[in-house]
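Read off the chains here:
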Amino acid sequence: MSSTLKTWVEVPELSDFSIYNLPFGIFSTTSKTKRIGVAIGDQILDLNAAHSLRIFHGLNIDKEILVNDYLNDFIALGKNITNQVRLIIQEHLCDDSSPLRKHEPFIEMSDATMHLPVKVGDYTDFYSSIEHATNVGKMFRDPENALLPNWKHLPVGYHGRASSIIVSGVDIHRPNGQTKPADEPPVYGPSQRIDFELEMAFIVGKQSELGDAVTTKEAEDHIFGMVLFNDWSARDIQKWEYVPLGPFLGKSFASSVSPWVVTLEALESFRVNGPNQDPEVLPYLQYEGQKNYDINLEVLIQPESQNEASTVSKSNFKFMYWNMAQQLAHHTVNGCNLNVGDMMASGTISGKDENSYGSMLELSWAGSKSVKLNNGEERKFLKDGDTVIMKGHSEKNGIRVGFGEVRSKLLPAK
Ligand code: MN
């Protein structure tokens, strides 16, 4: 990646969507059906309109792939093609004589509606932050032995529900369910402990065959890109139902994702070393090189009818104990196959510092203390009308590559 790219598109100084990013998403307008766009500054490049200007000639991409409800068919073309598409766009946006400049196949972001970027096949949620797993273990099990014996030997995960993954801007209702008050029989009603989980998710871009294991070396070849991921959680439902098979209805009511898929290639210069893994992991989980990514993350809560949102957490994706390559290697080591459009979330991303915890469960230490908002209100868990906003960006040597945001409002129970 060169540090001297100069685009003729006007990009606001702190934009997440710099010329170095160029993430893919699905948008529509009042006059355009759903189609693929690329974000640049405050605008969206309509890929089909760009295609009509013949900038991708030679790549043999059908219009049906670009005017599409989802990115799946485009992603399935393979990185060989999708990387070229991104680089051709980058080149044209830096070339004063590009037909894109003359014909302007752009839409203002404010005039577009963003949609779920991929049709999610299978969804897996990991549990890969050591700080998060330690905090939860301390609260619910043993403060002295917070991590379960398997935790440092394999990336713990569970198979989640794909049908309720929704895009930023779609609001959710507080879920109803079964909970158990202490020393009383179970009751049915609205969850009293609604929480967010600050996560990131990656999208599988290349399938694998049933029976084949993907190595840590091959893993990133199978990852198209990443999104911000809010894994909504009902802690009281979760607490009562999770034994012995793990998360179920306390998790499956909704997870919200950001609309722009940032490619791994755009994140290349933000690679960093991961935490030291001790004890040494089994050979199939060992890896070479830098597999963690330095991505600043932030969670904000905006109460009903307030204009101001309060930051309640600042964390970083680089804290992850288990990296994405290890997660994929573990996921496939038994021969379970991957499909394009599968989504795999990191698990809650907490840091060491109390202000970097990635859930209200940890920030309020299971409801034992309050989190203060800027307007003086306090929260232990989320209140009806709260909007949860998550943001993420990488920055190095003046180059910024960001994810925009995922936001969703918690509506009262139905
Ligand atoms: Mn989760």
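(A) Inspection of the coordination of the manganese ion at higher detail. With distances of 2.1 to 2.2 Å, the protein atoms coordinating the manganese ion are Asp125 (OD), Glu197 (OE), Glu199 (OE) and Asp231 (OD). Within one chain, the residues donating to the manganese ion are spaced in sequence as D-x71-E-x1-E-x31-D. Both residues of the pair, Glu197 and Glu199, belong to the buried class.

(B) Structural context of helix α4 (residues 79–93). Helix length check: α4 (15 residues) gives 20 Å between terminal C-alpha atoms against 21 Å at 1.5 Å per residue, within 8%. Turning to α4, its buried residues are Lys79, Ile81, Thr82, Val85, Arg86, Ile88, Ile89, Gln90, His92 and Leu93.

(C) Spotlight on the pattern of salt bridges. Overall, the coordinates contain 22 salt bridges when judged by the stated rule. Across the salt bridge formed by Lys79 and Glu265, the nearest N and O atoms sit 2.9 Å from each other. Of this pair, Lys79 sits in helix α4 while Glu265 sits in the loop between β17 (262–263) and β18 (271–272), and the two are 186 residues apart along the sequence. For Glu354, the salt bridge identified is with Lys369, shortest N-O distance 3.2 Å.

(D) Representation of unusual backbone geometry within the structure. Cis rather than trans, the peptide bond between Val243 and Pro244 has omega equal to 0°. In this structure, Pro244 sits in the loop between α8 (235–241) and α9 (249–252). The step from Asp278 to Pro279 runs through a cis peptide bond, and the omega angle for that step is 10°. You can see Pro279 is positioned in the loop between β18 and β19 (292–293). Despite not being glycine, Asn60 has its phi angle at roughly 60°, a positive value.

(E) Region of interest: the sheet that holds strand β3 (residues 43–46). Read from one edge of the open sheet, 5 strands run β4-β3-β2-β1-β5, paired in antiparallel fashion. In this open sheet, the two edge strands, each paired with only one partner strand, are β4 (106–108) and β5 (113–115). Each neighbouring strand pair of the sheet contributes to a mean axis angle of 45°, computed without reference to strand direction. Two elements, β3 and β4, share 3 bridges in a ladder whose sense is antiparallel. From the neighbouring strand, Leu45 faces β4, where its bridge partner is Phe106. Running over the sheet, α4 touches β1 (24–28), β2 (35–40), β3 and β4 and is turned about 75° from β1.

(F) Representation of helix α10 (residues 324–332) in the model. Among the 9 residues that make up α10, 9 are buried, leaving the element largely enclosed by the rest of the structure. Among all positions of α10, only Met324, Ala325, Gln326, Gln327, Leu328, Ala329, His330, His331 and Thr332 are buried. Two to three positions downstream of the cap, the backbone nitrogen of Ala325 sits 3.1 Å from a side-chain oxygen, assigning the N-cap of α10 to Asn323.

(G) Focus on the domain arrangement of the chain. Partitioning the chain into domains gives domain 1 (24–115) and domain 2 (123–293 + 316–355). On a C-alpha basis, the centres of domain 1 and domain 2 stand 31 Å from each other. Of the roughly 1300 Å² buried between domain 1 and domain 2, counting both surfaces, carbon and sulfur atoms make up 66%. Sorting the residues of domain 1 by area buried against domain 2 places Phe24, Ile75 and Lys79 first, and these three jointly supply 43% of that buried surface.

(H) Representation of the pairing of β1 within the structure. Along β1, 5 of the 5 residues are buried, which leaves the element largely enclosed by surrounding structure. Here β1 shows a buried face lined by Phe24, Ile26 and Ser28 and a second buried face lined by Gly25 and Phe27. In this sheet, β2 lies alongside β1 in antiparallel orientation, the contact comprising 4 bridges. Paired with Phe27 across the bridge in β2 is Arg35.

(I) View of the nonpolar core. Among the nonpolar cores identified, the biggest contains 100 residues, and Leu47, Val85, Leu93, Phe196, Leu267, Phe317 and Met343 are the most heavily contacted of them. Structurally, this core is a two-domain feature, drawing no fewer than three residues from each of domain 1 (24–115) and domain 2 (123–293 + 316–355). Aside from chain neighbours lying at most four places away, what touches Leu47 is Phe24, Ile36, Val38, Phe56, Leu66, Val85 and Ile89.

(J) Here's a closer look at the environment of Ala162. Relative to the helices and strands, Ala162 is located in the loop between β7 (157–159) and β8 (165–167). For the pair Ala162 and Tyr123, spaced 39 residues apart in sequence, the C-alpha separation works out to 5.3 Å. Not counting residues up to four positions away in its chain, the partners in contact with Ala162 are Val120, Gly121 and Tyr123.

(K) Up close: a negative patch on the surface. Residues Glu10, Asp42, Glu108 and Asp111 make up a contiguous surface patch of negative charge. Along the chain, Glu10 turns up in the segment before β1.

The rules behind these values
Residues numbered from 1 in each chain as written. Predicted model: local features only at pLDDT ≥ 70, side-chain atom pairs only at ≥ 80, totals over all residues. Heavy atoms only, no water. Donors = N, O, S within 2.8 Å, 3.2 Å for Na, K, Ca; no water. Buried < 20%, exposed > 50% of the residue type's maximum accessible area, 1.4 Å probe, protein only. Helix = DSSP H or I, 4+ residues; strand = E, 2+ residues; numbered from the N terminus. Expected span 1.5 Å × (residues − 1). Salt bridge = Lys/Arg side-chain N within 4 Å of Asp/Glu carboxyl O. Pairing = 2+ DSSP bridges. Axes fitted to C-alpha atoms, helices over the stretch in contact; angles between N-to-C directions. Contact = heavy atoms within 4.5 Å. Polar contact = N/O pair within 3.5 Å; in protein donor to acceptor, adjacent residues only side chain to side chain. Domains from an automatic or database assignment. Buried area = accessible area lost by both parts, 1.4 Å probe. Core = buried A, V, L, I, M, F, W, Y, C linked by side-chain atoms within 4.5 Å. Patch = residues over 30% accessible without salt bridge, like charges linked within 9 Å, V, L, I, M, F, W, Y side chains within 5 Å. Areas by Shrake-Rupley, 256 points an atom, 1.4 Å probe, with all protein chains shown as cover. Lys, Arg positive; Asp, Glu negative; His and termini not counted. Charge placed at Lys NZ, Arg CZ, Asp CG, Glu CD.

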